[in-house]
Amino acid sequence: MGQALWDLYENQKVKGLVAAMRQTLSKLEKSGQTDARWFNAMGEIAILEKKYSVAARYFRQALDETENPVYELNLGNALFYAGEFSAAQKVLASYNEKHPEDIHGLVNLANCHLHLSELDVVKSLCDSGLASQYTKAPLWNCLGQREYLMGNHANAWDYFDKA
């Protein structure tokens, strides 16, 4: 029964049926399926509902139960969206150290540093990503935002045009 409910949940997730997802997770909870995967799913629902601090708590619980890169990235993103940039930066730095090939984690880490006004770190992170075979547009966009914050509007537009 557990796997059938998880398949149903994944189908509902693809369709964006939040109420149905919540109902399926309730059935999973009643059947004793509250494991790391369940906590992560509850965090995903909280993200969809823009309850970022709640999502962070669920993702932290998922990560406490099982070390999983997805849970760590989700936690970093939830903290970022909750406005907890220092906490998000710590989680995303750890994630980026373990998974340097993941452009999503790198760009989110650079954006944390943007919000913390650590503009030299932003440049360093983006330059390291651009030196790799990463998708370049999000990195150029991040560098454009950095230049804009520094008051270098012409340089900012050059980066935005590249993106």
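Below, the structure is looked at part by part. (Residues numbered from 1 in each chain as written. Predicted model: local features only at pLDDT ≥ 70, side-chain atom pairs only at ≥ 80, totals over all residues. Heavy atoms only, no water.)

Our next topic: the overall build of the protein chain. A count of helical and extended segments in the protein chain gives 10 helices and 0 strands. Structurally, the protein chain occupies a C-alpha span of about 60 × 30 × 30 Å along its principal axes. Contacts in the protein chain between residues at least 24 apart in sequence constitute 42% of all its contacts with a sequence separation of at least 6. Accessible surface computed for the protein chain: about 8800 Å², of which carbon and sulfur atoms make up 51%. When the 16 positive and 20 negative side-chain charges of the protein chain are each reduced to one mean point, those points stand 6 Å apart. (Helix = DSSP H or I, 4+ residues; strand = E, 2+ residues; numbered from the N terminus. Contact = heavy atoms within 4.5 Å. Areas by Shrake-Rupley, 256 points an atom, 1.4 Å probe, with all protein chains shown as cover. Lys, Arg positive; Asp, Glu negative; His and termini not counted. Charge placed at Lys NZ, Arg CZ, Asp CG, Glu CD.)

A few words now on the packing of aromatic side chains. By the definition in use, this model includes 8 aromatic pairs. Measuring from ring centre to ring centre gives 6.3 Å for Trp-38 and Tyr-58, while their planes differ by 85°; the resulting arrangement is edge-to-face. Of this pair, Trp-38 sits in helix α3 (residues 36-48) while Tyr-58 sits in helix α4 (residues 52-65), placing them 20 residues apart in sequence. The class for Tyr-58 is partly exposed, based on a relative accessible area of 22%. Measuring from centroid to centroid gives 5.5 Å for Tyr-52 and Tyr-81, while their planes differ by 40°, and the two rings are tilted. One end of the pair, Tyr-52, is in helix α4; the other, Tyr-81, is in helix α5 (residues 69-81), and 29 residues separate them in sequence. In this structure Tyr-81 comes out as partly exposed when scored by relative accessible area, which is 49%. Taken together, the ring pairs in this structure connect Tyr-52, Phe-80, Tyr-81 and Phe-85 into an aromatic cluster. (Phe/Tyr/Trp six-rings, centres within 6.5 Å; stacked < 30°, edge-to-face > 60°. Buried < 20%, exposed > 50% of the residue type's maximum accessible area, 1.4 Å probe, protein only.)

If you want to describe how two helices pack, look at the angle between their axes and the distance between the axes. Their axes nearest at 10 Å, the elements helix α7 (residues 103-115) and helix α9 (residues 137-149) cross at an angle of 5°. In terms of their interaxial angle, α7 and α9 are classed as roughly parallel. Only Pro-138, Leu-139, Cys-142, Gln-145, Arg-146 and Leu-149 of α9 make contact with α7, whose side of the interface consists of Ile-103, Leu-106, Val-107, Ala-110, Asn-111 and Leu-114. Split into classes, the residues belonging to the contact of α7 with α9 amount to 9 nonpolar, 2 polar and 1 charged. (Axes fitted to C-alpha atoms, helices over the stretch in contact; angles between N-to-C directions. Parallel < 35°, antiparallel > 145°, perpendicular 65-115°, else oblique. Nonpolar A, V, L, I, M, F, W, Y, C, P; charged D, E, K, R; others polar.)

A separate point is α3. For α3, built from 13 residues, the straight-helix expectation of 18 Å at 1.5 Å per residue is met to within 8% by its first-to-last C-alpha distance of 19 Å. Counted residue by residue, α3 has 10 buried out of 13 residues, so it is predominantly covered. Of the residues making up α3, those classed as buried are Ala-36, Trp-38, Phe-39, Asn-40, Ala-41, Met-42, Gly-43, Glu-44, Ile-45 and Ala-46. Tucked inside the fold, the buried residues of α3 contact α1 (2-15), α2 (18-30), α4 and α5. Within two residues after α3, Lys-50 carries a phi angle of roughly 60°, on the positive side. (Expected span 1.5 Å × (residues − 1).)

Let us look at the environment of Leu-125. Its location among the elements puts Leu-125 in helix α8 (residues 119-131). Setting aside residues up to four positions removed in sequence, Leu-125 forms contacts with Asn-96, Leu-106, Leu-109, Ala-110 and His-113.

Moving on to the pattern of salt bridges. Counting across every chain of the model gives 8 salt bridges. Glu-67 serves as the salt-bridge partner of Lys-98, at 3.9 Å between the closest nitrogen and oxygen. Here Lys-98, found in helix α6 (residues 85-98), pairs with Glu-67, found in the loop between α4 and α5; they are 31 residues apart in sequence, far enough to count as distant. Given the relative accessible area of 42%, Lys-98 is considered partly exposed. Glu-72 serves as the salt-bridge partner of Lys-98, at 3.2 Å between the closest nitrogen and oxygen. Remark: Glu-72 occurs in helix α5 and Lys-98 occurs in helix α6; sequence separation between them is 26 residues. Judged by its relative accessible area of 6%, Glu-72 is buried. Overlapping salt bridges bring together Arg-22, Glu-49 and Lys-51 as one network. (Salt bridge = Lys/Arg side-chain N within 4 Å of Asp/Glu carboxyl O.)

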